[in-house]
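# Inside the fold
Take a look at the letters that make up each chain.
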Amino acid sequence: MSDSPTHDYTRADVCASAIADAFKDDGEIFASPMGMLPMLGVRLAKLTSNPDLAISDGESLFLAGVPPLFAKAGPHEVVEGWIPFRKVFDVIAYGKRHVMMGATQVDRDGNQNISAIGDFAQPTRQLLGSRGAPGNTANNRTSYWVPKHSARVFVDQVDVVTGVGPKRAAAAGPGASRFNDIHRVVSNLGVFDVNGPDHTLRLLSVHPGVTTDEVQAATGFDLGDLTDVPVTREPTAEELVIIREVLDPRSLRHREVPEPAEESTR
Amino acid sequence: MSRGPRDKRMSIDEVVAELRDGMTIGIGGWGPRRKPMALVRAILRSDLTDLTIVSWGGADVGLLVRAGKVRKLVYAFVSLDSIPLEPNFQRARQAGTIPEVVELDEGMFQTGLRAAAQRLPFLPMRAGLGSDVLVNNPWIKTVTSPYDDGVGHEELVAVPALRLDVALVHLNRADCHGNATYLGPDPYFDDLFAMAAERTFVSVEEIVDTAGLTVDTPVQQVLVDRMMVSGVVETPHGAHFTTCVPDYERDEKFQKAYAAAASGSDQDWAAFEERFLSGDETAYQAAVAAFTAEQQEADQ
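Just so it is clear, the model here is predicted, and its values are computed rather than measured. Every chain is numbered independently, its residues counted from 1 as its sequence is written. Whichever chain is written first is A, and whichever ligand is written first is 1; the rest continue in order. pLDDT decides what is reported in this predicted model: residues at 70 or higher carry local features, side-chain atom pairs at 80 or more are listed and counted, and totals for whole chains, interfaces and linings draw on all residues regardless. Side-chain calculation: all heavy atoms of the structure are included, whereas hydrogens and water are not.

Here we take up the overall build of chain A. Secondary structure is summarised from DSSP: a helix means a run of H or I of at least four residues, a strand means a run of E of at least two, and numbering begins at the N terminus for each. On a plain count of helices and strands, chain A comes out with nine helices and 14 strands. The globule rule used here is 2.2 Å times the number of residues to the 0.38 power, and the radius of gyration it is set against is calculated over C-alpha atoms. Whereas a compact globule of 266 residues would reach a radius of gyration of roughly 18 Å, chain A reaches 18 Å, a difference of no more than 12%. Here's how the labels work: a residue is buried when its accessible area is under 20% of the maximum for its type, exposed when over 50%, partly exposed in between, all with a 1.4 Å probe on protein chains only. Put simply, chain A has 266 residues, and 56% of those count as buried. Only heavy atoms enter the contact rule, under which two residues are in contact if any of them lie within 4.5 Å. Within chain A, residue pairs in contact and separated by at least 24 positions form 66% of the contacts whose partners lie at least 6 positions apart. Per-residue and other accessible areas follow the Shrake-Rupley method at a 1.4 Å probe size, with only the shown protein chains counted as cover for residues. Accessible surface computed for chain A: about 10,900 Å², of which carbon and sulfur atoms make up 52%. Under this rule, positive means Lys or Arg and negative means Asp or Glu; His and the chain ends count for nothing. Charged side chains are reduced to one point each, which is NZ for Lys, CZ for Arg, CG for Asp and CD for Glu. Treating the 26 positive side-chain charges of chain A as one cloud and the 35 negative ones as another, the clouds have centres 6 Å apart.

Below is the structure:
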């Protein structure tokens, strides 16, 4: 199959391949996607760049195959292992895991918040709670997925630090920073890492059809000099076939990332 | 003739009669999965108050905080999964009606239960370092490793033991002595809750004889042993509306109705309570059956 780029793709497809790229160099580890696009991206990586990834059904089974999104694991599914919650915690501490979580807020320093908006004592909006974010960021590679990039999500400082960014980890000592590894923040507009000045968020690429001005306008802090920021790679023809025909034939990804009205890439 | 171990069968009301105001109660399961809901519902009907609830939370937490039963809540998340934010919990937090909250990382929660189960004051862990878990819970201390692991003497979180007065768990099968099996894909942490607690009450879908526990089930699925258990209650559909596979899946339609009432007006909630929570467990199950029949009719 040819890898030549095609323009017959959607923003959601770009997000899926950008997420897949976040997992391509991970080797043989447990890839834990939280949410739809991360699940699509991880499964895409497993079928293309990194077949060694271990994936689960999101419940308690390691799957040998790569089923479509939200397919019920039936008796036809080949299972290669058992990963109940208690073992997930073991694997987190063991470190062979890369989780991509959501983020209600993510800040300049790569801290994430999924706990509460406002004052923790009596929040204006109670969210999920810390979940496993503190443990994830202290132990294994962690990335974030933001389906709707806005200045309400990308804030100067999160209200509650659940996922710990590199600066806070360093301040807490080697026990905290030794295995802290914030890898990528992927949004519907672009891709970031935390290798900006003083370990701040750095815009690595903007998705095709997005300008750096748009990203800056939708971000609540200064992203610095964006003149040389490249464009996120386009999904390959192989990836597009896998996304459309194998992993997401029902096109569920477009519910999470609708095609932008004006700068349509179709 | 040998007498055998004692028979620990009890009724739901007998379990609740063992609970006291101010107790620390651990609730097993995970989020909206295999929760001892029949026992939770019985607590709602009781006069119990000022409870400390320790739970990877779902509607168990939502119902108890809405009913004003909780003085202190220890949790890492509260979620209904298909409905990510638990509306009763959300509402209580935003109104400030839970006097004390301890929000932990979900792995710290396991470590805290482990410490309690092992009768240790704490266990060390990385989770929590650098996060606001330590800022919002300044009573949780760190500990310095006595060993140099190549990066100096690491400072780690001393996760405090989560000691429980009582653990309430729901499994699929038990014998009358308290040996209990889970038949679904995940044991969750019910054995750990049991060992972290002074006393544990197990509710199950079905009480069978001891031989019946392993006749068609690998012995490895006997999760809770009788030495950990003070009482056993048979409560068919006792985990409703959480999942208790393979006996039943989560009742998504009912959960939706619960969430709608919880996030609706006071009248909406009062109507839900009146319809489902004003009677005993038998009345609840009958009301759910009527609700399900209505839904099926509406679908046709």
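This part covers helix H3 (residues 85-94) of chain A. Here H3 of chain A has its buried residues at Phe 85, Val 88, Phe 89, Val 91 and Ile 92 of chain A. Along the axis of H3 of chain A, the buried positions cluster into a sector of 160°, meaning they face one direction only. Within H3 of chain A, the exposed residues directed more than 90 degrees away from the buried face are Ala 93 and Tyr 94 of chain A. Contact partners of the buried residues in H3 of chain A: strand E1 (30-33), strand E5 (97-102) and helix H4 (133-139) of chain A together with helix H5 (106-117) of chain B. Looking one or two places after H3 of chain A, you find Gly 95 of chain A, whose phi comes out positive at around 100°. The arc in question is the one spanned by the directions pointing from the helix axis to the C-beta atoms.

Moving on: the side chain of His 177 of chain B. Residue and element names in this part refer to chain B. Turning to its location among the elements, His 177 is positioned in the loop between strand E8 (164-174) and strand E9 (180-181). Residue class for His 177 comes out buried when judged on its relative accessible area of 14%. Of note is the side chain of His 177, whose polar atom sits 2.9 Å from the backbone oxygen of Arg 6. Leave out the neighbours within four places in its chain, and His 177 touches Pro 5, Arg 6, Asp 7, Lys 8, Thr 210, Arg 226 and Val 232. The definition of a polar contact used here is a pair of N or O atoms within 3.5 Å, where within protein one atom must be able to donate a hydrogen and the other to accept one, and adjacent residues in sequence count solely through side-chain atom pairs.

Another point: the interface of chain A and chain B. Contacts between the two partners involve 40 residues from chain A, matched on the other side by 49 residues from chain B. The contact between chain A and chain B buries some 3,600 Å² in all, and 50% of this surface belongs to carbon and sulfur atoms. By convention in these notes, a salt bridge is any Lys or Arg side-chain nitrogen within 4 Å of a carboxyl oxygen on Asp or Glu. Here Asp 191 of chain B makes a salt bridge to Arg 86 of chain A, at a shortest N to O gap of 2.7 Å. For the interface between chain A and chain B, the tally reads 25 residue pairs in polar contact (both at pLDDT 80 or more). Among the secondary structure elements, those contributing two or more residues to the side of chain A that touches chain B are H3, strand E9 (125-126), H4 and helix H6 (174-177) of chain A. Top contributing element to the side of chain A that touches chain B by residue count: H4 of chain A, with five residues. Class assignment for the residues of the side of chain A that touches chain B results in 19 nonpolar, 12 polar and nine charged. Two parts lose some accessible area (1.4 Å probe) when they are put together, and adding that loss for both gives the buried area. Residues are sorted three ways: Asp, Glu, Lys and Arg are charged, Ala, Val, Leu, Ile, Met, Phe, Trp, Tyr, Cys and Pro are nonpolar, and all the rest, Gly among them, are polar.

Tallying each qualifying case throughout the model produces 35 salt bridges over all chains. Arg 233 of chain A is paired through a salt bridge with Glu 239 of chain A; the nearest N and O atoms lie 2.7 Å apart. The class for Arg 233 of chain A is partly exposed, based on a relative accessible area of 31%. Given a relative accessible area of 5%, Glu 239 of chain A falls into the buried group. Counted as one network, the salt bridges with shared partners bring together Arg 178 of chain A together with Arg 126, Asp 149 and Glu 154 of chain B.

Moving on: the sheet that holds strand E6 (residues 142-148) of chain B. Hydrogen bonds between backbone groups are what pair the strands of a sheet, and the pairing can be parallel or antiparallel. All names here are of chain B. Any two strands are treated as partners once DSSP identifies two or more bridges connecting them. Spatially, E5-E7-E6 is the arrangement adopted by the three strands of the open sheet, whose pairing is antiparallel. The outermost strands of the open sheet, each flanked by one partner alone, are strand E5 (122-125) and E6. Ignoring strand direction, the axes of neighbouring strands in this sheet form an average angle of 45°. Across four bridges, the pairing between E5 and strand E7 (residues 153-160) is antiparallel. What sits directly across from Leu 123, in E7, is Val 159. A fitted line through C-alpha atoms represents every axis, and for helices the fit uses only the stretch in contact; the resulting angles, taken between N-to-C directions, go from 0 to 180 degrees. Running over the sheet, H5 touches E5 and E7 and is turned about 145° from E5.

What follows covers the packing of aromatic side chains. Note on aromatic contacts: the rings of Phe and Tyr and the six-membered ring of Trp form a pair at centre separations within 6.5 Å, being stacked when their planes are under 30 degrees apart, edge-to-face when over 60 apart, and tilted otherwise. Applying the stated rule across the entire model yields 25 aromatic pairs over all chains. Aromatic side chains Phe 241 of chain B and Tyr 258 of chain B sit 5.1 Å apart centroid to centroid with 40° between the ring planes, which places their arrangement in the tilted category. Placement of Phe 241 of chain B in the loop between strand E12 (231-234) and helix H9 (252-263) and of Tyr 258 of chain B in helix H9 is noted, with a sequence separation of 17 residues between them. You'll find Phe 241 of chain B and Tyr 258 of chain B in the same group, each marked buried. Over the ring of Phe 77 of chain B we find Arg 131 of chain A, and its NZ or CZ is 3.7 Å from the ring centre. Above the ring of Tyr 284 of chain B, the side-chain terminus of Arg 41 of chain B is found at 3.7 Å from the ring centroid. Two thresholds decide whether a charge sits over a ring: the Lys NZ or Arg CZ must be within 6 Å of the ring centre and within 35 degrees of the ring normal.

Residues and elements named next belong to chain A. The three strands lie next to each other as E7-E6-E11, forming an open sheet whose pairing is mixed. Each edge of the open sheet is held by one strand with a lone partner, namely strand E7 (112-113) and strand E11 (154-155). By the bridge criterion, two bridges tie strand E6 (residues 105-107) to E7 in an arrangement that is antiparallel. The residue bridging Gln 105 from the neighbouring strand is Asn 113, located in E7.

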